[in-house]
Amino acid sequence: MAKRNAPALSEVNLSEWDGVRHLHLGSEWVQGSMRIDAPFELELEYVQRMMAWLLFRPLDAVAGRHAMQLGLGAGAITKYCYKKLRMTCTAIELNPRVADVCRAWLKLPPDDERLRVVIADAAQEIRRDEWLGTVDALAVDLYDDEAAAPVLDSADFYADCRRLLSEDGCMTVNLFGRSASFERSLARIAEAFGARAVWAFKPTREGNAVVLAQRAPTRPKRAALQAQADAIEARWGLPASKWLRVFKAIEK
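The structure displayed is predicted, hence computed values, not measured ones.

Engineer: What should I look at first to understand the overall build of the protein in this one?
Structural biologist: Secondary structure assignment for the protein yields 8 helices and 11 strands. Taken against the 2.2 N^0.38 rule, which gives 18 Å for 252 residues, the C-alpha radius of gyration of the protein at 17 Å falls within 12% of a compact globule. Reported as C-alpha extents along the three principal axes, the dimensions of the protein are approximately 45 × 40 × 35 Å. Put simply, the protein has 252 residues, and 55% of those count as buried. Considering only intrachain contacts with a sequence separation of at least 6, the fraction spanning at least 24 residues in the protein is 67%. Counting only carbon and sulfur atoms, one obtains 50% of the accessible surface of the protein, whose full area is about 11,200 Å².

If you want it as structure tokens, here you go:
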């Protein structure tokens, strides 16, 4: 994951346990994971929840759309969108060592016509005109080696993220739901997107709380969400029905 304005880039290293390879940025904190015998599946529960934008998208219209990841981590989201969902993918990462390790050890494919890794400061890169209004699914997972709070977390940053999105696009953000910063971050997202555009998961056992924000707010009926979740499970095997037990709009 990217760290902004750091005096030096973090060391990148790996560990393995019980068939899972983990990425670290010079500390014990896990920045991403890959099951070695299933490298293109989503291993971590919170990363699976980062795909909740699928609840708001016709599934037959997913392939060919544009997914962007801010903070590459272990590359799980980008790999999944590229290989499983057949999307065009862009990842923005500050540390070139992260991209190198992802390609060498975490099965990240090389750049091609559908996949591009941009080595840049995400806060600056997302303001470029070429990205505005082009992103259908934006995943924000920006933590440094200490993993204490998001590196980019201002209302202005989230407003820049909103400008990236297509008319029916969604942003998902990984936050720490058991930390004092969660409510502050949620308020900043609501300020940028409007409270009616924001949905949130309860924290995972590890404390990760995924927040989703829509470019254009919608309020699907519960039955429609359940039908969509069932279709997601049938097509891709993601635990979407379980999502609905712990996922709700923050404003009715």
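Engineer: Explanation requested: the packing of aromatic side chains in the structure shown.
Structural biologist: Two aromatic rings, taken as a pair, are described by how far apart their centres are and by the angle between their planes. This structure, assessed with the given rule, holds 6 aromatic pairs. Note on Phe201 and Trp243: the rings are 6.4 Å apart at their centroids and 90° apart in plane angle, and the pair reads as edge-to-face. In this pair, Phe201 sits in strand β9 (residues 198–201) while Trp243 sits in helix α8 (residues 240–243), placing the two residues 42 residues apart along the sequence. On the basis of relative accessible area, Trp243 is assigned to the buried category, the value being 2%. With a centroid separation of 4.5 Å and an interplanar angle of 35°, the aromatic rings of Phe201 and Phe247 are classed as tilted. One end of the pair, Phe201, is in strand β9; the other, Phe247, is in strand β11 (residues 247–249), and 46 residues separate them in sequence. Directly above the aromatic system of Phe40 lies the positively charged group of Lys79, at a separation of 5.7 Å from the ring centroid. Above the plane of the ring of Trp236 lies Arg235, whose end atom (NZ or CZ) is 5.4 Å from the centre.

Thresholds applied
- Residues numbered from 1 in each chain as written.
- Predicted model: local features only at pLDDT ≥ 70, side-chain atom pairs only at ≥ 80, totals over all residues.
- Heavy atoms only, no water.
- Helix = DSSP H or I, 4+ residues; strand = E, 2+ residues; numbered from the N terminus.
- Rg over C-alpha atoms; globule rule 2.2 N^0.38 Å.
- Buried < 20%, exposed > 50% of the residue type's maximum accessible area, 1.4 Å probe, protein only.
- Contact = heavy atoms within 4.5 Å.
- Areas by Shrake-Rupley, 256 points an atom, 1.4 Å probe, with all protein chains shown as cover.
- Phe/Tyr/Trp six-rings, centres within 6.5 Å; stacked < 30°, edge-to-face > 60°.
- Lys NZ or Arg CZ within 6 Å of the ring centre and 35° of its normal.

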